[in-house]
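# Coordinate analysis (summary)
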Amino acid sequence: MADITAPPPQPSGRPRRARSHRASGRRRLLPGVVLGALLLGAWAGIGTADALRGGAPAQPAAPPEAYSTALPFDLPDTAELRRSPKLVFAHYFTPYPLSLDNQPAAQDYYSRNYLTPDGEKGRHRAYGGLLRDRPLPAAPGTGDWELAHLRQEVRTARDAGLDGFTLDLLSLAGRNRDRADLLMRAAHEEDPGFRIQLMPDMTSLTTTPAALADSLAQLARHPSAHRLPDGRLVVSPFKAEEKDPAWWQRMMGELETRHGIRTALVPLFLDFTPERERYAAISHGLSEWGARSANRQDGATADAARAHRLGKIWMQPVSVQDARPNQGIFDEAGNTETLRAAWEAAIGSGADWVQLTTWNDYSEGTHFAPSLHNGYAYLDLSSYYLTRFKTGAWPRIVRDTLYLTSRVQFVDDTPPATLQPRVIKPRPGTATPRDTVEVLSFLTAPASVRTTTGGTRGDHRAPAGVHARLLPLRTGHSSATVVRDGETTTTVTSRYPVRRPVDKQDLQYYAVTSGRSQR
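What counts, and where the lines are drawn
Residues numbered from 1 in each chain as written. Predicted model: local features only at pLDDT ≥ 70, side-chain atom pairs only at ≥ 80, totals over all residues. Heavy atoms only, no water. Helix = DSSP H or I, 4+ residues; strand = E, 2+ residues; numbered from the N terminus. Buried < 20%, exposed > 50% of the residue type's maximum accessible area, 1.4 Å probe, protein only. Contact = heavy atoms within 4.5 Å. Areas by Shrake-Rupley, 256 points an atom, 1.4 Å probe, with all protein chains shown as cover. Pairing = 2+ DSSP bridges. Axes fitted to C-alpha atoms, helices over the stretch in contact; angles between N-to-C directions. Phe/Tyr/Trp six-rings, centres within 6.5 Å; stacked < 30°, edge-to-face > 60°. Polar contact = N/O pair within 3.5 Å; in protein donor to acceptor, adjacent residues only side chain to side chain. Left-handed = near helix turned anticlockwise from the far one by under 90°. Nonpolar A, V, L, I, M, F, W, Y, C, P; charged D, E, K, R; others polar. 1 Å grid on protein atoms, 1.4 Å probe; cavity = no way out; pocket = protein on both sides within 12 Å on 5 of 7 lines; lining within 4 Å. Points joined across faces, edges and corners; volume = space filled by probe spheres on them. Salt bridge = Lys/Arg side-chain N within 4 Å of Asp/Glu carboxyl O. Expected span 1.5 Å × (residues − 1).

Moving on: the overall build of the chain. Secondary structure assignment for the chain yields 12 helices and 21 strands. Residue burial in the chain is summarised as follows: out of 519 residues, 63% are buried. A separation of at least 24 residues holds for 79% of the contacts in the chain among residues at least 6 apart in sequence. For the chain, the exposed surface amounts to about 17900 Å²; the carbon and sulfur share of it is 51%.

So this is what it looks like as structure tokens:
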């Protein structure tokens, strides 16, 4: 099948097609469970329960390798990356921390209630369970495990090159608000340079300008709150168009007059349509949620240019994929094509900031954070493009590395209606769904890449640099091996087999990297 050599061409800036939007009410399905997180760094064994492992081989997980050896390039140190004026955040969604109850992974809340159709008293049976993936499991923590696990998430993001999180504020009180406070504390304790950008979520908040200002002022007391060099607090409301500019002016006025806090507003829209430009007069910058398919990334250059023409910074969304069982919809990500195209759009458009959408929203399958099914693969891959975005130069490839992605079922395979009555369908306008295995190679020099998909073997020549090869999806495992001058330099094998028939739809692309032996 087709070869793709990366980095691909810069976006053309031609007029965009209709963008995909976040579904109405999406933020209102919130888990009513206790706050928690697991120590991701512990990487203990994770059991063999079908609901947890999804058919993967039983094996203990090893500690993650240092970033200096896990990536195909040498990631600049944190101090060097932070000297760049360009910033990279990841959208943190408070309902899905590393753990919800500090129990062993095989019997914790994720396994019992979110990954199985019968969880939460059958609430999610119609669509085969709420989630298809989960945070990477670890052994239960001790002491203040909630704070420790949030610190671990900050470390993970920081070590991948991120500047901070955009923190989705779903409520002004309750479990999610408590977790937001704890995350801001964790960020400062773990790394005083890690920034938390406040993002009130207007799809779930019903509030007044004064009440929101009071809540933001409380969070702004944390040293980790993202502020500009001039001291202004950055506030980036999600779906800002829920309120008109006058409403936001009143909120900022309340912050300043009652709390002495000046605001740099960076409204995020579901889609940056021309009528949104009326918010520019009250804003420091502009942003949008963006699309989740490679064929819908071509408006980034025009978006950034419009923002810059208005004298505002632009925060560009970068996504990896999107599949939502509870909403019955998915976008065709094309293996890593969407991730690569979205980063290329951010780089080519001259964006000032980037938001990875998302860090950990497992209900939408949009997560970059290390997960059970993907390990660190998507986060590691993103670090390559992040380095180019922040430094202005493509990093030199110093280690042969392979990224292997595929679904674990064919896109047209559906379970019996008795098992999953509500079928997940492609979003209108998304790319054509496909059944492919992608071998994405980062090579120091040209080499042969030997592949297997199911029982079928192949061999292709890959150039130095970044190169994508698509192969037909087949049942069973897939693998790829780099051979140069008769010597194997690296190899990777999928951990989860492609199966037929299926008992529930799982339309996310699973990923594995040769850079980390266990994932």
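Our focus in this paragraph is the sheet that holds strand β10 (residues 322–324). Across the sheet, three strands lie side by side as β10-β11-β14; this open sheet has mixed pairing. Bordering the open sheet on either side are β10 and β14 (425–426), each of which pairs with just one other strand. Relative to β14, strand β11 (residues 329–331) runs parallel, the two being bridged by two bridges. Opposite Phe330, over in β14, you have Pro426 as the bridge partner.

Adjacent strands of a sheet pair through backbone hydrogen bonds, lying either parallel or antiparallel. Taken together, the four strands give an open sheet; going across it, the order is β17-β16-β19-β20, and neighbouring strands pair in antiparallel fashion. Both outer strands of the open sheet, β17 (456–462) and β20 (487–493), are each paired with one neighbouring strand and no more. Sheet twist, expressed as the mean angle between neighbouring strand axes with direction ignored, is 20 degrees. Sheet topology places strand β19 (residues 478–484) next to β20; six bridges connect them, and they run antiparallel. When the sheet's bridge partners are listed, Ala480 is paired in β20 with Val492.

Once that is clear, we can look at the packing of aromatic side chains. Overall, the coordinates contain 22 aromatic pairs when judged by the stated rule. With 5.1 Å between their ring centres and 80 degrees between their planes, Phe165 and Phe194 make a pair best called edge-to-face. Here Phe165 is found in strand β3 (residues 164–169), whereas its partner Phe194 is found in the loop between α7 (175–190) and β4 (195–200), with 29 residues between them in sequence. Here Phe165 falls in the buried class, since its relative accessible area comes to 0%.

Here the focus is the environment of Asp244. Following the sequence through the fold, Asp244 ends up in the loop between β5 (233–235) and α9 (245–259). Judged by relative accessible area, which is 38%, Asp244 ranks as partly exposed. Between the C-alpha atom of Asp244 and that of Tyr279, which follows or precedes it by 35 residues, the distance is 8.0 Å. Every residue in contact with Asp244, bar those within four places of it in the chain, is listed here: Arg278 and Tyr279. Separated by 2.8 Å, the side chain of Asp244 and the backbone nitrogen of Trp247 make a polar contact.

Time to look at the packing of helix α10 (residues 300–309) against helix α11 (residues 337–349). Remark: α10 packs on α11, axes separated minimally by 8 Å, with the N-to-C direction vectors making an angle of 35 degrees. Crossing handedness for the pair α10 and α11: right-handed. Residue-level contacts link Ala300, Thr301 and Ala304 of α10 to Ala345, Gly348 and Ser349 of α11. Among the residues making up the contact of α10 with α11, the classes are represented as three nonpolar, three polar and no charged.

Now for empty space enclosed by the protein. Within this structure, the stated rule accounts for seven cavities of 30 Å³ or more. Taken as a whole, the largest cavity encloses approximately 90 Å³ of empty space. Around the largest cavity, the lining is made up of 13 residues, and of these Ser494, Arg495, Tyr510, Ala511 and Val512 lie nearest the centre. When contributions to the lining of the largest cavity are tallied by element, the ones reaching two or more residues are β13 (401–406) and β21 (510–513).

Moving on: the environment of Pro501. Within the secondary structure, Pro501 sits in the loop between β20 and β21. Between the C-alpha atoms of Pro501 and Gln409, which are 92 residues apart in sequence, the distance is 8.3 Å.

Right, let's talk about the pattern of salt bridges for a bit. Enumeration according to the criterion identifies 32 salt bridges in this entry. One salt bridge connects Asp163 with Lys390, and the closest N-O pair in it is separated by 2.8 Å. Of the two residues, Asp163 sits in the loop between α6 (145–159) and β3 while Lys390 sits in helix α12 (residues 377–391), which places them 227 residues apart along the sequence. On the basis of relative accessibility, which here comes to 2%, the residue Asp163 falls in the buried class. Measuring nitrogen to oxygen at the nearest pair gives 2.9 Å for the salt bridge that ties Asp230 to Arg232. A residue is classified by how much of its surface remains accessible, and Asp230, at 39% relative accessible area, is partly exposed. Through salt bridges with shared partners, a single network forms among Arg151, Arg155, Arg185, Glu189 and Glu190.

The next thing to look at is α7. With 16 residues, α7 extends 22 Å from end C-alpha to end C-alpha; this agrees with the ideal 22 Å at 1.5 Å per step. Those residues of α7 that fall on the buried side of the exposure criterion are Asn176, Arg177, Arg179, Ala180, Leu182, Leu183, Met184, Ala186, Ala187 and Glu190. Looking at the buried side of α7, the elements it contacts are β2 (87–93), α6, β3, β4 and α8 (209–220).

Just geometry here; none of it tells us what the structure is for.
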